[in-house]
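# Commentary on secondary and tertiary structure
In case you want the letters, here they are:
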Amino acid sequence: MSAPHMPKVAGINSTAPAPTQTDPPLDALPAAPGVLIQDQLAGWVSDLTTLHELTERLARTRFLDSALHELLRAGAALAGARRGLVLFEPADGLGPATTLGLGLSHADLGHLETVPRRATSYGRLLDGDGDGIGGPAEPVVVRDLLADTDAGAGAETGTRTRTGAETDPRQREVAARLGLGASYAVPLLVGGAGGHPAEAPQLPQSPRPAQSPQSPPPAQPPLPPVPAKLGAAVWLYDEPTEPTERQRHLIGLYLRYAGEHLSRLLELERARAHVTTLTRELLPGRLPRMPGVQLAARHRATPGGGGDWYDALPLPEGALSLAVGSVSGSGPGAPAATGRLRAALRAYAVMEGEDPIAVLSDLELLLRLTEPARTATALFAYAEPARRTLLLAGAGHAPPLVVGDRRTEFVETSLSAPLGMLSCWQAPSVELVTAPGETVLLYTDGLLRRTGEPMDRAFARLHAAAASVPATARDDPGAVADHVLRALPPAGPGPTGPGRAGPGPTGPPEPHEDFVLLAARFE
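A brief look at the structure comes next. In this text the structure is predicted, and so the values were computed from the model without any measurement. (Residues numbered from 1 in each chain as written. Predicted model: local features only at pLDDT ≥ 70, side-chain atom pairs only at ≥ 80, totals over all residues. Heavy atoms only, no water.)

## A look at unusual backbone geometry
Using the following cut-off: Each helix is a run of H or I in the DSSP string that is no shorter than four residues. Each strand is a run of E no shorter than two, and both are numbered from the N terminus.
Of the consecutive residues G95 and P96, the connecting peptide bond is found in the cis state with omega at 0°. Topologically, P96 is positioned in the loop between β1 (83-88) and β2 (98-102). Residues other than glycine seldom take positive phi values, yet E317 does so here, at roughly 60°. Take E317: it is sitting in the loop between β9 (308-314) and β10 (320-327).

The following block contains the structure:
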């Protein structure tokens, strides 16, 4: 019996073949205009987020070296490179000049320095090559460092081109040794990169008080202007390539901010150098040499200037005055006050050095009369090397520390207020008799505060550091001082070693306290 037929439905013919697919697949359809705009906006947002993060990291740097290391890392991330180097050479020639590498050891940097400067991309940016092509503000790209000719990027990218120029044989040799395929070099300019330096933004000026026509304007010391060209950065690729148009644009935007930040750090670095030079000139140029005693001094000043000082002055009849002290405040005014107090103390030591109480009393009176807003601590010692004795008096100062083969102990000095805090300063003196070969350490409290520990623990660490001085180093007061400093490191991480990426975003910790360590070894 045959199977029953399905009933027919109007409009449907089950025996008709299915129509063939004539429409294109969905994948081949062009994307809607809104999707393209969304993708483009997403890319812009991603680029802006990346630039924001990199500029924030750069803004947290406080020293030139850490800023240059951060610039190298950020540029390598934007350019897609693994290695690079930066040459910081301000065009005015006033320095400081430095060369730092990323992913390059000291030996690698030495090999790169053997290439003639005129043949390098950074040499073309910093010195020019006189070929009339491009300008000093244009980036230089070398697509293949191993090629016989230097084929640069095309003019449509806005970079410098040297198509057909023969490369230096030494450059090809060094590139092959280090495994370098291409390079991209950009100038470091105040006002941006990738074009001529832009004008610095005009900051709003604070209103000044009106002056009469007869009154002259206030005298201000002239500051040297920051040069427009600060140096050059080069990023190195492992294979022959070149950065894309987008990468070059992002690097240019980043360097526009980096140039302004580096110029500010350059001004700070030069100001710190001036203050450091001033502080150094106000301290003794060399320590006296006398029979029966050996002297050594170590001094560290904060970049903003500090008021810690020391002095050693030969006195009549074979005596010697030793002094350390600290003036309150910071900045250029502190070293100036330090110089005045040290000069006054020298005069008092010559007139009445055998009486330390009288010396500090006169110094306190001078401080109250000339600088009533300042306070100071001081420790004065009248030493007789022939007898190995010291007569000590302190004003709010930390006690000396005696280091020898049989003892390492603090000298018990009486408590007293700093100079300038009381209407009449007074404190008893203490006599110390040393054994042959013992070293007396005079120091400021900055040596204790630099550890970041509470004072009681800082004293304990200082005692432990002095007690651990090797017997072979106790014959030299300089070696004793160096060992104490090594065993008493400052709080916080320091810079990294050679061949590493360098300090963190903020660089090595800035010392908040300057210190003095004066060592006197009695024979």
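There's plenty left to go through after this.
## Considering the packing of helix α10 (residues 455-467) against helix α11 (residues 477-487)
Helices that pack against each other are described as a pair by the angle of their axes relative to one another and the distance between those axes. What counts is decided by this rule: Axis definition: a line fit to C-alpha positions, over the contact stretch in the case of helices; interaxial angles, taken between N-to-C directions, run 0 to 180 degrees. If an angle is under 35 degrees, it is roughly parallel; if it is over 145, roughly antiparallel; if it lies from 65 to 115, roughly perpendicular; otherwise it is oblique. Each crossing gets its handedness from the near helix: less than a right angle anticlockwise from the far helix is left-handed, clockwise is right-handed. Residue contacts follow a heavy-atom distance rule, with two residues in contact if any of their heavy atoms lie within 4.5 Å. Note on residue categories: nonpolar means Ala, Val, Leu, Ile, Met, Phe, Trp, Tyr, Cys or Pro, charged means Asp, Glu, Lys or Arg, and polar means any other residue, Gly included.
Direction vectors running N to C along α10 and α11 enclose 135°, while the axes themselves pass 9 Å from each other. Regarding the angle of α10 to α11, the classification is oblique. Where α10 crosses over α11, the two elements pack in a sense that is right-handed. Facing α10, whose interface residues are R461, L462, A465 and A466, α11 presents H483, V484 and A487. Classifying every residue of the contact of α10 with α11 by side-chain character gives five nonpolar, one polar and one charged.

## Looking at the pairing of β10
Quick reminder of the rule: For the exposure calls, accessible area comes from a 1.4 Å probe over protein chains only, and a residue counts as buried if that area is under 20% of its type's maximum, exposed if over 50%, partly exposed in between. Strands are labelled as partners when DSSP assigns at least two bridges between them.
The element β10 is extensively covered by neighbouring structure, given that eight of its eight residues are classed as buried. Counting the residues between successive antiparallel strands, the hairpin from β9 to β10 contains five residues, one of them, E317, with a positive phi of roughly 60°. Judged from the eight bridges that link them, β10 and strand β11 (residues 376-384) form a sheet pairing that is antiparallel. What sits directly across from G325, in β11, is A378.

## What about the nonpolar core?
Spelled out, the test is: Among the buried residues, those of types Ala, Val, Leu, Ile, Met, Phe, Trp, Tyr and Cys that are joined through side-chain atoms within 4.5 Å form a nonpolar core.
Grouped together as the largest cluster of nonpolar side chains are 49 residues, with contacts concentrated most on L295, Y310, L322, L363, F380 and L390. The element contributing the most residues to this core is β11, with seven residues. In this structure, F380 is in contact with S321, L322, A323, L345, A349, G353, P356, V359, L360, L391, L392 and A393, ignoring residues within four places of it in sequence. Core analysis: the second largest hydrophobic core is formed by 35 residues, L64, A76, A182 and L230 among them.

## A look at the sheet that holds strand β3 (residues 140-142)
Strand pairing in a sheet is mediated by backbone hydrogen bonds. Such pairs are either parallel or antiparallel. Read from one edge to the other, the open sheet built from five strands follows the order β2-β1-β7-β6-β3, with strand pairing classed as antiparallel. The open sheet has two edge strands, β2 and β3, and neither has a second partner. Across the sheet, the mean angle separating the axes of adjacent strands is 15° when strand polarity is ignored. Across six bridges, the pairing between β1 and strand β7 (residues 229-237) is antiparallel. The residue of β7 that forms the bridge with G84 is W235. Across the sheet, helix α6 (residues 245-281) is in contact with β1, β3, β6 (182-189) and β7; its angle to β6 comes to roughly 45°.

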